[in-house]
Amino acid sequence: MGLQQFEERLERLVESTLSKPFRSSLQPIEIGRRLTREMDLHRRVGVRRLIAPNSFTVTLSPADVDRFANFIDALSRELADAAREHARIEGYSFVGPVDVQVYEGTRLRPGRFVVTAEVVEGPDEGPYAELVLPDGSRFPMGDGPVTLGRLPECDVVLSDPNVSRRHAEFRRTTDGVVVTDLGSTNGTRVNGVPVREQQLVSGDEVTVGSTMLVFEIS
């Protein structure tokens, strides 16, 4: 099930942007299959959960690096997102941010590639949490509070005119992560419901003003 969804994500990437340059050569879907297999092979048993690799290195031949040149960043992001989805479906957890780096291997022939996977711990204790911003970028949450608003000194600065200067705050507690509205004009909603303060679970959609963010925790 996880592999199927992983492949579907990569197929959409191929069909939308990468299919024409790679129709007769190495396909991104092949890299996705290998990355998924590495996650399954190198998972390990933690105290309460299965820990999966979160740091991946993809080594391609010089010819394939050249073919992928205009799409390396997009491919890395899509592979990382798909790895997170595969982990959610299979019940894996990460102990640090998911990262996919693509390198050139001078001794590899076209069509050949190598994927290595490692478990790399993040700098903070506890489950690794992130905010997924509207543009798809991710803001990692550490041990300290994270403020959202229009002021430049906020941790996450939003240009939405419906967002207050200091709109909301995320902070860790002993039970997880809580979002608190900071007396904003237009309020804070979690999954469409207005809240003053709410403990979050992975996948919750947090709306401030007209801006929606997704909270993810592994």
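Above this text is the structure in question.
Residues numbered from 1 in each chain as written. Predicted model: local features only at pLDDT ≥ 70, side-chain atom pairs only at ≥ 80, totals over all residues. Heavy atoms only, no water.

Engineer: Would you explain the overall build of the protein chain in this entry?
Structural biologist: Looking only at helices and strands, the protein chain has four helices and 17 strands in total. Taken over 218 residues, the protein chain has a buried fraction of 46%. Accessible area of the protein chain: about 11,700 Å², with a carbon and sulfur share of 46%. (Helix = DSSP H or I, 4+ residues; strand = E, 2+ residues; numbered from the N terminus. Buried < 20%, exposed > 50% of the residue type's maximum accessible area, 1.4 Å probe, protein only. Areas by Shrake-Rupley, 256 points an atom, 1.4 Å probe, with all protein chains shown as cover.)

Engineer: Any chance you could explain helix α2 (residues 28-41) here in plain terms?
Structural biologist: Along an α-helix, a turn takes 3.6 residues, which lines up residues three or four apart on a common side. The end-to-end C-alpha separation of α2 is 20 Å, in line with the 20 Å expected for 14 residues at 1.5 Å each. Regarding α2, the residues found buried are P28, I29, I31, G32, L35, T36, E38 and M39. (Expected span 1.5 Å × (residues − 1).)

Engineer: Can you help me understand the sheet that holds strand β3 (residues 55-60) in this one?
Structural biologist: Strands pair in a sheet through their backbones, by hydrogen bonds, and they do so in one of two ways: parallel or antiparallel. Strand order across the open sheet formed by three strands is β5-β3-β6, with mixed pairing between neighbours. Two strands bound the open sheet, and with one partner strand each, they are β5 (99-104) and β6 (113-118). Between one strand and the next, the sheet's axes are offset by a mean angle of 15 degrees, whatever the strand orientation. Pairing of β3 with β5 involves six bridges; the strand directions are parallel. Of the residues in β5, the one forming a bridge with T59 is Y103. Strand contacts of α2: β3, β5 and β6, with the helix running at about 35 degrees to β6, the strand carrying the most contacts. Across the sheet, helix α4 (residues 72-90) lies against β3 and β5, angled at about 140 degrees from β5, the strand it touches most. (Pairing = 2+ DSSP bridges. Axes fitted to C-alpha atoms, helices over the stretch in contact; angles between N-to-C directions. Contact = heavy atoms within 4.5 Å.)

Engineer: Looking at this structure, I do not really get the layout of surface pockets. What am I missing?
Structural biologist: Estimates place the volume of the largest pocket at around 350 Å³. Lining the largest pocket are 18 residues, with D73, S76, R77, E78 and D81 positioned closest to its centre. Broken down by secondary-structure element, the contributors of at least two residues to the lining of the largest pocket are α4 and β5. For the lining of the largest pocket, the element with the most residues is α4, which contributes nine residues. Among the residues forming the lining of the largest pocket, the class breakdown is six nonpolar, four polar and eight charged. (1 Å grid on protein atoms, 1.4 Å probe; cavity = no way out; pocket = protein on both sides within 12 Å on 5 of 7 lines; lining within 4 Å. Points joined across faces, edges and corners; volume = space filled by probe spheres on them. Nonpolar A, V, L, I, M, F, W, Y, C, P; charged D, E, K, R; others polar.)

Engineer: Would you take a moment to explain the side chain of S164 for this structure?
Structural biologist: Structurally, S164 can be placed in the loop between β10 (156-157) and β11 (168-173). Among residues more than four places away in sequence, those in contact with S164 are G149, R150, S184 and T185.

Engineer: Looking at this structure, I do not really get the pairing of β6. What am I missing?
Structural biologist: The two faces of the sheet receive side chains in turn, since in a regular strand these alternate between them. Only one face of β6 is buried, namely the one carrying F113, V115 and A117, since none of V114, T116 and E118 on the opposite face is buried. Direction of pairing for β3 relative to β6: antiparallel, over a ladder of six bridges. Bridge pairing links T59 to V114 in β6.

Engineer: Would you mind going over the packing of aromatic side chains with me for this structure?
Structural biologist: The description of an aromatic ring pair uses the distance of the two centres, along with the angle that the planes make with each other. Across all of its chains, the model carries zero aromatic pairs by this definition. Positioned over the ring face of F113 is R34, at 4.2 Å from the centre of the ring. (Phe/Tyr/Trp six-rings, centres within 6.5 Å; stacked < 30°, edge-to-face > 60°. Lys NZ or Arg CZ within 6 Å of the ring centre and 35° of its normal.)

Engineer: I'm lost on the packing of α2 against α4 in this one. Help?
Structural biologist: A pair of packed helices is captured by two measures, namely the crossing angle of their axes and the spacing between those axes. It is at 11 Å that the axes of α2 and α4 come closest, and there the two elements cross at 40 degrees. One way to sum up the angle between α2 and α4 is to call them oblique. Where α2 crosses over α4, the two elements pack in a sense that is right-handed. From α2, P28, I31, G32, L35, T36, M39 and D40 reach across to α4, where they touch L75, L79, A83, H86 and A87. When grouped by side-chain class, the residues that make up the contact of α2 with α4 number eight nonpolar, three polar and one charged. (Parallel < 35°, antiparallel > 145°, perpendicular 65-115°, else oblique. Left-handed = near helix turned anticlockwise from the far one by under 90°.)

Engineer: Mind showing me how you'd approach unusual backbone geometry here?
Structural biologist: Glycine aside, the phi torsion of most residues is negative, and most peptide linkages are trans. Its identity as a non-glycine residue notwithstanding, N191 has a phi of 55 degrees, on the positive side. Mapped onto the secondary structure, N191 falls in the loop between β13 (188-190) and β14 (193-195).

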